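Examining the three-dimensional arrangement
Spelled out, the chains give:
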Amino acid sequence: HIASTIGAGPRNLLVLSGDNHMVAFDDGSNTDYSGRGDADTPGGFPLLHSGPLTNYGGLKDFFKPETNYFTEGCKAYSGELNHQFSTVDFYFQEDQAACIRIKSYSEDTSNVIFEKEMC
């Protein structure tokens, strides 16, 4: 029921997760759990995984290149200590369109590993 409600609902939703031990982003192409199957109004939502601040990277077995479920890929060093984090900035354009800017980093803010802007 929750997936169908989200699938039929808001277009201004971004889900943030930090437990996957990687930086990964999906534009909503792989997050439609509503069962609607409507190509004109897909029910997916953008999803950002961001982490770990200090832990070992985790590339799960199902994240093989042929079955990568993230449209922007995933960034992690499996079996190595990772220090990854993201910032999400909200702002309005001159035409009053609401936008977000996502930046993900490794180690510190001088090492950008992912950037995305959505309005």
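In this report, the structure presented in the accompanying data block is examined. (Residues numbered from 1 in each chain as written. Predicted model: local features only at pLDDT ≥ 70, side-chain atom pairs only at ≥ 80, totals over all residues. Heavy atoms only, no water.)

**Some thoughts on the nonpolar core**
- Membership of the largest hydrophobic core is limited to six residues, which are Val23, Phe25, Leu48, Ile100, Ile102 and Phe114.
- Sorting the residues of this core by element identifies β2 (23-26) and β8 (98-106) as the ones contributing at least two each.
- Listed in part, the five residues of the second largest apolar core include Met22, Ala24, Phe70 and Ala76. (Core = buried A, V, L, I, M, F, W, Y, C linked by side-chain atoms within 4.5 Å. Buried < 20%, exposed > 50% of the residue type's maximum accessible area, 1.4 Å probe, protein only. Helix = DSSP H or I, 4+ residues; strand = E, 2+ residues; numbered from the N terminus.)

**Looking at the sheet that holds strand β9 (residues 108-118)**
- The three strands are arranged β7-β8-β9 in an open sheet whose pairing can be described as antiparallel. Of all strands in the sheet, those with a lone pairing partner are β7 (84-92) and β9, marking the two edges. When strand polarity is set aside, the average angle formed by the axes of neighbouring strands in this sheet is 25°. (Pairing = 2+ DSSP bridges. Axes fitted to C-alpha atoms, helices over the stretch in contact; angles between N-to-C directions.)

**Structural notes on the state of the cysteines**
- Scanning all chains against the criterion turns up one disulfide.
- Two residues, Cys99 and Cys119, share a disulfide whose sulfurs are 2.1 Å apart. Across the S-S bond of Cys99 and Cys119 the torsion is about 110°, and the bridge reads as right-handed. One end of the pair, Cys99, is in strand β8; the other, Cys119, is in the segment after β9, with 20 residues separating them in the sequence. (Disulfide = S-S within 2.5 Å.)

**Describing the side chain of Gln84**
- Along the polypeptide, Gln84 turns up in strand β7.
- For Gln84, the side chain forms a polar contact with the main-chain oxygen of Gly51, separated by 2.9 Å.
- In this structure the side chain of Gln84 is engaged in a polar contact, spanning 3.2 Å, whose partner is the backbone oxygen of Lys75.
- Once you skip the residues sitting within four places of it in the chain, Gln84 turns out to touch Met22, Val23, Gly51, Pro52, Leu53, Lys75, Ala76, Tyr105, Ser106 and Ile113. (Polar contact = N/O pair within 3.5 Å; in protein donor to acceptor, adjacent residues only side chain to side chain. Contact = heavy atoms within 4.5 Å.)

**Structural notes on the pairing of β9**
- Sheet analysis places β8 next to β9, joined by seven bridges and oriented antiparallel. Considered in β9, the bridge of Arg101 is made with Glu117.
- Hairpin connection, β8 to β9: the antiparallel pair is bridged by one residue, and Glu107 has positive phi, about 75°.

**Focus: the sheet that holds strand β5 (residues 74-75)**
- Taken in spatial order, the four strands of this open sheet run β1-β3-β2-β5, and their pairing is mixed. In this open sheet, the two edge strands, each paired with only one partner strand, are β1 (15-17) and β5.
- Pairing between β2 and β5: two bridges, direction antiparallel. Paired with Ala24 across the strands is Cys74, a residue of β5.

**Some details on the pairing of β8**
- Sheet analysis places β7 next to β8, joined by nine bridges and oriented antiparallel. Within the sheet, the bridge partner assigned to Phe90 lies in β8 and is Ile100.
- The turn linking β7 back onto β8 is made up of five residues, and Gln96 within it adopts a positive phi angle of 75°.

**Things to note about the pattern of salt bridges**
- This model, assessed by the stated rule, comprises three salt bridges.
- Among the ionic pairs, Arg101 bridges to Glu117, the shortest N-O distance being 3.8 Å. Separated by 16 residues along the polypeptide, Arg101 in strand β8 and Glu117 in strand β9 bring together distant segments of the chain. (Salt bridge = Lys/Arg side-chain N within 4 Å of Asp/Glu carboxyl O.)

Function cannot be inferred from these measures alone, as they are strictly geometric.
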